[in-house]
Amino acid sequence: MTQISRFTERCVVIAQRVTGDGDESAAPNGGGGFADYAFVSLHCLRIYLDASYRMTIDLLKEMPQITGEIGLDAADLPAPSTLCKALDRIEMSLCRVLLRQSAQLHDPSEHAALDATFYERDRASRHYCHRTNYHVQTLKVTKLVDTESQAILDIHCSTTLEGSDADLCEQIARRNAGDLRTLAADKGYDKTVLRERLRELGIRPLIKHCIRAPYDHAHNARIDEDLYAQRSMTETVNSAVKRSLGYAVRARDWYREFREITLMCVVYNIKRSVKQ
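Residues numbered from 1 in each chain as written. Predicted model: local features only at pLDDT ≥ 70, side-chain atom pairs only at ≥ 80, totals over all residues. Heavy atoms only, no water.

Draft legend 1. Region of the structure containing the packing of aromatic side chains. Under the criterion given, the structure shown has four aromatic pairs. Here W254 and Y255 contribute two aromatic rings whose centre-to-centre distance is 5.8 Å and whose plane-to-plane angle is 85 degrees, an arrangement assigned as edge-to-face. With a centroid separation of 5.3 Å and 65 degrees between ring planes, the pair formed by W254 and F258 is classed as edge-to-face. Here W254 pairs with F258, and both are found in helix α13 (residues 254-275), just four residues apart, close to one helical turn. Residue F258 is classed as buried on the basis of its relative accessible area, which comes to 13%. Put simply, the rings of W254, Y255 and F258 touch in pairs and so form one group of aromatic residues. Positioned above the aromatic ring of Y119, the side-chain terminus of K242 is 5.2 Å from the ring centre. (Phe/Tyr/Trp six-rings, centres within 6.5 Å; stacked < 30°, edge-to-face > 60°. Helix = DSSP H or I, 4+ residues; strand = E, 2+ residues; numbered from the N terminus. Buried < 20%, exposed > 50% of the residue type's maximum accessible area, 1.4 Å probe, protein only. Lys NZ or Arg CZ within 6 Å of the ring centre and 35° of its normal.)

Structural data, given as structure tokens:
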């Protein structure tokens, strides 16, 4: 079995589990539509292949074994425009569950790290950007990464730089409070209130203090250096995702871009599990 075949198999299993329509036919049957797990799997394959919608469909028509893993024949594949519009049906909440399920393939530890990176929005033409008042050129993406398995556990996307990084860190930590024992972050997340909130959630904060007073040296000396050093795994994961799946998004609307980036992280988790 090839690597892409193993990837598709695991992707379909996770998609069926999350969407809950695994018993349905993937292709339209009796005038119905495509199953949700089929669209999720096709979008993940598009990101895996790093191809446009049209090129993805053309490639899959030449891969009967791969389409068979989804439950489709070459004649059943949707039109590129249908696949594009199907991204609107995949809610962001569903994408988060897909991300969590893909992370479970790695049996994550209870130690995580948090860091932000940026993705380009340069797929749109200059004429389109001018016509639609499309001025924001980057997306800020904050990822929660398991430091042992390097799986992406959670994600937050934004088109602006407004708001505190510490508040964002607390928001992500609350969503994953039951699964974390420690959370590492750089000095950009240095905030006393954040550390107190993390401790209330049962999470030990590993966040270095900015040196403003002599006692800040003492605070930093108490941090477990071995665990804090694993914070660099977030930078490793960010680099790996961009090198293998691209540094830019193809979607043009912000809500579609958020979903595309989350599915990109799902693909990264599944690809990594297949290689292992």
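That shown, we press on.
Draft legend 2. Region of the structure containing helix α2 (residues 36-49). When the terminal C-alpha atoms of α2 are compared, their 20 Å separation across 14 residues agrees well with the 20 Å that a helix rising 1.5 Å per residue should span. Most of α2 sits out of view: twelve of its 14 residues are buried. Directly after α2, the chain includes D50, whose backbone phi takes a positive value near 50 degrees. (Expected span 1.5 Å × (residues − 1).)

Draft legend 3. Representation of the packing of helix α8 (residues 165-175) against helix α9 (residues 192-200) within the structure. Packing of α8 against α9 leaves a shortest axis separation of 9 Å and a crossing angle of 5 degrees. In terms of orientation, α8 and α9 fall into the roughly parallel class. Taking contact as the criterion, the partners of A166, C169, E170, A173 and R174 in α8 are, on α9, L194, R197 and L198. Counted by class, the contact of α8 with α9 contains five nonpolar, no polar and three charged residues. (Axes fitted to C-alpha atoms, helices over the stretch in contact; angles between N-to-C directions. Parallel < 35°, antiparallel > 145°, perpendicular 65-115°, else oblique. Contact = heavy atoms within 4.5 Å. Nonpolar A, V, L, I, M, F, W, Y, C, P; charged D, E, K, R; others polar.)

These figures capture arrangement, not role.
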